Amino acid sequence: MDKQTVNVYNEKTEDYVRLIDRGAPGTALCDFVKRIKPNGLVLDIGCGPGNASAFMDSKGLRVDPIDASHEMIKLANEKFGLSARLMAFSDLSEVNKYHGVWANFSLLHAAKLDFYKHLKAINKALKRGGHFSLGMKLGKGEKRDFLGRFYAYYSRSELISALTCSGFVYEFEYNGEEKGLVGNVEPWIILHTIKDN
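Residues numbered from 1 in each chain as written. Predicted model: local features only at pLDDT ≥ 70, side-chain atom pairs only at ≥ 80, totals over all residues. Heavy atoms only, no water.

**Some points on the overall build of the protein chain**
Here comes step 1: Scanning the protein chain from terminus to terminus reveals seven helices and nine strands.
Here comes step 2: Against the compact-globule benchmark of 16 Å for 197 residues, the protein chain has a radius of gyration of 15 Å, which places it among compact chains.
Here comes step 3: Looking at the protein chain as a whole, 50% of its 197 residues are labelled buried.
Here comes step 4: Put simply, of all contacts in the protein chain between residues at least 6 apart along the chain, 64% involve residues at least 24 apart. (Helix = DSSP H or I, 4+ residues; strand = E, 2+ residues; numbered from the N terminus. Rg over C-alpha atoms; globule rule 2.2 N^0.38 Å. Buried < 20%, exposed > 50% of the residue type's maximum accessible area, 1.4 Å probe, protein only. Contact = heavy atoms within 4.5 Å.)

**What to know about the sheet that holds strand 2 (residues 62-67)**
Here comes step 1: The strand order across the open sheet built from seven strands is 3-2-1-4-5-9-8, with neighbouring strands paired in mixed fashion. Both outer strands of the open sheet, strand 3 (85-86) and strand 8 (168-179), are each paired with one neighbouring strand and no more.
Here comes step 2: Relative to strand 5 (residues 126-137), strand 4 (residues 98-104) runs parallel, the two sharing six bridges. Bridge pairing links G100 to H131 in strand 5.
Here comes step 3: Contacts between helix 7 (residues 156-165) and the sheet are confined to strand 5, strand 8 and strand 9 (185-195), with strand 9 contributing the most and set at about 25° to the helix. (Pairing = 2+ DSSP bridges. Axes fitted to C-alpha atoms, helices over the stretch in contact; angles between N-to-C directions.)

**Comments concerning unusual backbone geometry**
Here comes step 1: Non-glycine residue N39 carries a positive phi angle of around 70°.
Here comes step 2: Mapping N39 onto the fold places it in the loop between helix 3 (27-35) and strand 1 (41-45).

**Overview of helix 4 (residues 51-58)**
Here comes step 1: Inspection of helix 4 places A52, S53, A54, F55 and M56 among the buried residues, and these make up the whole buried set.
Here comes step 2: Check the buried side of helix 4 and you find it contacts helix 3, strand 1, strand 2, helix 5 (70-80) and strand 4.
Here comes step 3: One or two residues past the end of helix 4 sits G60, with phi positive at roughly 90°.

**Some points on the side chain of D64**
Here comes step 1: Inspection of the secondary structure assignment puts D64 in strand 2.
Here comes step 2: Polar side-chain contacts of D64 include one of 2.6 Å to the side chain of Y98.
Here comes step 3: In contact with D64, other than residues within four places in its own chain, are L41, V42, L43, D44, R85, K97 and Y98. (Polar contact = N/O pair within 3.5 Å; in protein donor to acceptor, adjacent residues only side chain to side chain.)

**Some words on the packing of helix 3 against helix 4**
Here comes step 1: For the pair helix 3 and helix 4, interaxial distance at closest approach is 11 Å and the crossing angle is 40°. Considering their axes alone, helix 3 and helix 4 lie oblique with respect to each other. Crossing hand, helix 3 versus helix 4: right-handed. Of the residues in helix 4, those in contact with L29, C30, F32 and V33 of helix 3 are A52, F55 and M56. (Parallel < 35°, antiparallel > 145°, perpendicular 65-115°, else oblique. Left-handed = near helix turned anticlockwise from the far one by under 90°.)

**Comments concerning the packing of aromatic side chains**
Here comes step 1: Counting across every chain of the model gives six aromatic pairs.
Here comes step 2: Both rings, one in F105 and one in W188, keep their centres 6.2 Å apart while their planes meet at 85°; by these two values the pair is edge-to-face. Of this pair, F105 sits in the loop between strand 4 and helix 6 (112-125) while W188 is found in strand 9, placing the two residues 83 residues apart along the sequence.
Here comes step 3: Measuring from centroid to centroid gives 5.0 Å for F132 and F168, while their planes differ by 40°, and the two rings are tilted. Pair noted here: F132 is in strand 5 and F168 is in strand 8, with a separation of 36 residues, a long-range link.
Here comes step 4: With a relative accessible area of 1%, F132 lands in the buried category.
Here comes step 5: Given the relative accessible area of 3%, F168 is considered buried.
Here comes step 6: The positively charged end of K112 is found above the aromatic ring belonging to Y154, 4.6 Å away from the centroid. (Phe/Tyr/Trp six-rings, centres within 6.5 Å; stacked < 30°, edge-to-face > 60°. Lys NZ or Arg CZ within 6 Å of the ring centre and 35° of its normal.)

Okay, here's the thing in structure tokens:
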């Protein structure tokens, strides 16, 4: 994630929290949690204010939340008592460590040139048979929104192809559309996969 995008999240933390604090966890997160064995270790990439990590923790999972925004990390730790770490997903180097990886609308801030590299690093960090959930916005190309955040957009087929080429097996998906921080309603997809090697 580039510095300009990180700075937006540092400056808009409270606005972002109001946007995502909408009550019960979504179906995709609940289904992901059910697939991880009790006490399993989950990496939450781009944990933001920690809502998803806190839910996973409450369900008996061990969570390793990371985010590139120091304000998000501060909030996650203060609000939920998480041990969230300041770390960019480009710095992921663990091997055979996690039972699951939750990347909910975080990798959409990575340049397309680096997307396969990130997917392969996630695959390497997962244990064999580990679960990977990837949330992305659907569309074409790369651009910044009017707040200055960088986005890369993909089609469903492009994402499934990228995941397959990176050692994941597609299981199921969720689709929808939602209003984001800038007020636009955009389509999204959440893909659940398993590490195949």
